[in-house]
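Chain residues, written in single-letter form:
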Amino acid sequence: KAGVTQTPRYLIKTRGQQVTLSCSPISGHRSVSWYQQTPGQGLQFLFEYFSETQRNKGNFPGRFSGRQFSNSRSEMNVSTLELGDSALYLCASSLAGSATSYEQYFGPGTRLTVT
Amino acid sequence: AQTVTQSQPEMSVQEAETVTLSCTYDTSESDYYLFWYKQPPSRQMILVIRQEAYKQQNATENRFSVNFQKAAKSFSLKISDSQLGDAAMYFCAYRGNAGNMLTFGGGTRLMVKP
């Protein structure tokens, strides 16, 4: 079974631009979560989607948004990029969630550099 | 809000020896899940071991085991017979019952000396 895939793997953008990152979960997984990883702030939860609905949201500004499609694939968008948005963005998928201990499988991440 | 603390930014262990990584957390929930994740230099995060809070028995996965102290809110990871491939960043993570949101600790970089 194929793992979680993220595209693109590397991205360089200019301040003020917007970017869209994509995540394809493991087949059959309905929950997709996004995390931002930086040396200063560590790993921080962005949001989770389950069956096309945002179920949880982290403490990030409205410039960060996401969505999930009917095939469970998910995208996250960052508008008006700032230098501080440079990070590794990780996507994780899970079979389900809520009152279960289903583990999350992480993708390789997208390295975003904002110049 | 839940917090997870890993007090050891770096740890070093000799190959074949045993090492213990520390993790403490703070929560007001009674049902939750705890995880240890490994992130090798390739960056792919891998689940090492998990513990359900309602289970008193400590989880074990081959050379990896945990010491879960619910009252003390402590969740340490013991790696036995350390191997060179164990060198990585290790993250302790907490998950409550409201979805799949993970709260991570700051990580511990484990170095394994041959």
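In this text, all values refer to a predicted model and were calculated from it rather than measured experimentally. (Residues numbered from 1 in each chain as written. Chains lettered and ligands numbered in written order. Predicted model: local features only at pLDDT ≥ 70, side-chain atom pairs only at ≥ 80, totals over all residues. Heavy atoms only, no water.)

With that settled, consider the nonpolar core. By size, the foremost hydrophobic cluster in this structure holds 26 residues, and its most contacted members are B:Tyr25, B:Trp36, B:Phe75, B:Leu77, B:Tyr90 and B:Leu110. Examining the composition of this core, we find that four residues originate from one element, strand E10 (residues 88-95) of chain B, more than from any other. Aside from chain neighbours lying at most four places away, what touches B:Leu110 is B:Met11, B:Val13, B:Val19, B:Ile79, B:Asp86, B:Ala87, B:Ala88 and B:Tyr90. With 21 residues, the next largest nonpolar core counts A:Val19, A:Cys23, A:Trp34 and A:Leu46 among its residues. (Core = buried A, V, L, I, M, F, W, Y, C linked by side-chain atoms within 4.5 Å. Buried < 20%, exposed > 50% of the residue type's maximum accessible area, 1.4 Å probe, protein only. Helix = DSSP H or I, 4+ residues; strand = E, 2+ residues; numbered from the N terminus. Contact = heavy atoms within 4.5 Å.)

Moving on, we come to the pattern of salt bridges. On inspection of all chains with the given rule, the structure shows nine salt bridges over all chains. The salt bridge partner of A:Asp85 is A:Arg63, with a shortest N-O separation of 2.8 Å. Of the two residues, A:Asp85 is situated in the loop between strand E8 (74-78) and strand E9 (87-94) and A:Arg63 in the loop between strand E6 (53-57) and strand E7 (64-68); the sequence distance between them amounts to 22 residues. On the accessibility criterion, A:Asp85 (4% relative accessible area) is buried. Note that B:Arg50 and A:Glu103 form a salt bridge whose closest N and O atoms lie 3.5 Å from each other. Residue B:Arg50 is located in strand E6 (residues 46-52), and its partner A:Glu103 is located in the loop between E9 and strand E10 (105-106); the two belong to separate chains. (Salt bridge = Lys/Arg side-chain N within 4 Å of Asp/Glu carboxyl O.)

Let us look at the interface of chain B and chain A. Reports often express the size of an interface as the amount of accessible area lost when the parts come together. Every contact between the two is made by 18 residues of chain B and, on the other side, 25 residues of chain A. Summed over both sides, the interface between chain B and chain A buries roughly 1900 Å², with carbon and sulfur atoms accounting for 48% of that surface. For the pair chain B and chain A, the number of links is one salt bridge. Inspection of the region where chain B meets chain A yields nine residue pairs in polar contact (both at pLDDT 80 or more). Of all the elements in the fold, those that place two or more residues in the side of chain B that touches chain A are strand E5 (33-39), E6, E10 and strand E11 (102-104) of chain B. (Buried area = accessible area lost by both parts, 1.4 Å probe. Polar contact = N/O pair within 3.5 Å; in protein donor to acceptor, adjacent residues only side chain to side chain.)

Time to look at the state of the cysteines. Residues and elements named next belong to chain A. Summed over the entire model, instances satisfying the criterion amount to two disulfides over all chains. For Cys23, the disulfide goes to Cys91, at an S-S distance of 1.7 Å. Between Cys23 and Cys91 the sulfur-sulfur dihedral comes to about -50°; the bridge is accordingly left-handed. Taken together, the positions of Cys23 in strand E3 (residues 19-24) and Cys91 in strand E9 put the pair 68 residues apart, joining distant regions of the chain. Pair check on accessibility: Cys23 and Cys91 agree, each one buried. (Disulfide = S-S within 2.5 Å.)

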